[in-house]
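Spelled out, the chains give:
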Amino acid sequence: MDIAEVAKRSGLPASTLRYYEEKGLIASVGRNGLRRTFEPRVLEQLALISLGQVAGFSLDEIARMFTPDRRPDIKRTMLESKANQIDALVIKLRAMSRGLRHAANCPAPSHMECPSFRRLLKAATDGSLADRVARNARSV
C-alpha cells in the first residue's frame with residue numbers, strides 16, 4: 001500500500017506516518033515513485049500505536065512495544081505499571097471532583113469560610129494532599 005492508502009485507511013495524515021517512520025514505530029518497505037509503500041500489517045501497528053496513546057503511553061514507550069522487525073511484543077509489566085498510574089490518577093480526579101462538588105454546594109457564605117475547603121487549602125499548601133493521593137494510589 002502506498003502512503004496515501006495507509007493515510008486513508010488509518011485516518012492519519014501522511015505527515016504523521018512519516019513522523020512515526022522517523023521515530024522507528026513503522027517502516028516503509030519501498031517506494032512507488034516518490035511515495036513510500038507499506039506492508040498491510042502497518043494498519044495493525046498503527047492501531048496499536050493509537051491504543052497506546054489513548055492509554056497514555058508516550059511514543060518512546062510505544063516503540064518499546066515492538067520487536068526490531070516491528071512485531072508486537074508488549075510487556076505485561078508495562079501494562080501493569082500504566083494501569084497503576086491510571087488508578088492513581090482516577091483516585092486523584094475523584095478526590096478533586098468530590099472537593100469541587102462540596103465547594104459548589106457548601107452552605108458557607110464563601111469558600112474561604114468553609115472548614116472543608118480551608119483544610120484542603122492547607123493540605124495543598126503543606127504537601128500532605130499530594131502525599132495522601134500517593135498513599136491511596138499505592139494501596140490500589
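The structure reproduced in this document is the subject of the present report. (Residues numbered from 1 in each chain as written. Predicted model: local features only at pLDDT ≥ 70, side-chain atom pairs only at ≥ 80, totals over all residues. Heavy atoms only, no water.)

## With respect to the overall build of the protein
(1) Moving on: A tally of regular secondary structure across the protein gives 7 helices and 2 strands.
(2) Moving on: Start at the N end of the protein and walk to the C end: the helices and strands fall as α-α-β-β-α-α-α-α-α.
(3) Moving on: Relative to the globule expectation of 14 Å for 140 residues, the C-alpha radius of gyration of the protein, 23 Å, shows a markedly less compact shape.
(4) Moving on: Put simply, the protein has 140 residues, and 24% of those count as buried.
(5) Moving on: In the protein, the share of contacts with a sequence separation of at least 24, taken over all contacts with a separation of at least 6, comes to 46%.
(6) Moving on: As displayed, the protein has an accessible area near 9,600 Å², and 55% of this comes from carbon and sulfur atoms. (Helix = DSSP H or I, 4+ residues; strand = E, 2+ residues; numbered from the N terminus. Rg over C-alpha atoms; globule rule 2.2 N^0.38 Å. Buried < 20%, exposed > 50% of the residue type's maximum accessible area, 1.4 Å probe, protein only. Contact = heavy atoms within 4.5 Å. Areas by Shrake-Rupley, 256 points an atom, 1.4 Å probe, with all protein chains shown as cover.)

## Observations concerning the packing of helix H1 (residues 3–10) against helix H2 (residues 14–23)
To characterise two packed helices, one gives the angle between the axes of the helices and the distance between these axes.
(1) Moving on: Across the interface, H1 lies against H2 with an axial gap of 9 Å and an inter-helix angle of 105 degrees. When the interaxial angle is binned, H1 and H2 end up roughly perpendicular. Note on element contacts: H2 touches H1 through Ala14, Leu17 and Arg18, opposite Ile3, Val6, Ala7 and Ser10.
(2) Moving on: Per-class residue counts for the contact of H1 with H2 are 5 nonpolar, 1 polar and 1 charged. (Axes fitted to C-alpha atoms, helices over the stretch in contact; angles between N-to-C directions. Parallel < 35°, antiparallel > 145°, perpendicular 65-115°, else oblique. Nonpolar A, V, L, I, M, F, W, Y, C, P; charged D, E, K, R; others polar.)

## Description of the packing of aromatic side chains
Note on aromatic pairs: each is described by the distance of the centres and the angle between the planes.
(1) Moving on: Applying the stated rule across the entire model yields 0 aromatic pairs.
(2) Moving on: The ring of Phe57 carries the charged tip of Lys82 above its face, separated from the ring centre by 5.1 Å. (Phe/Tyr/Trp six-rings, centres within 6.5 Å; stacked < 30°, edge-to-face > 60°. Lys NZ or Arg CZ within 6 Å of the ring centre and 35° of its normal.)

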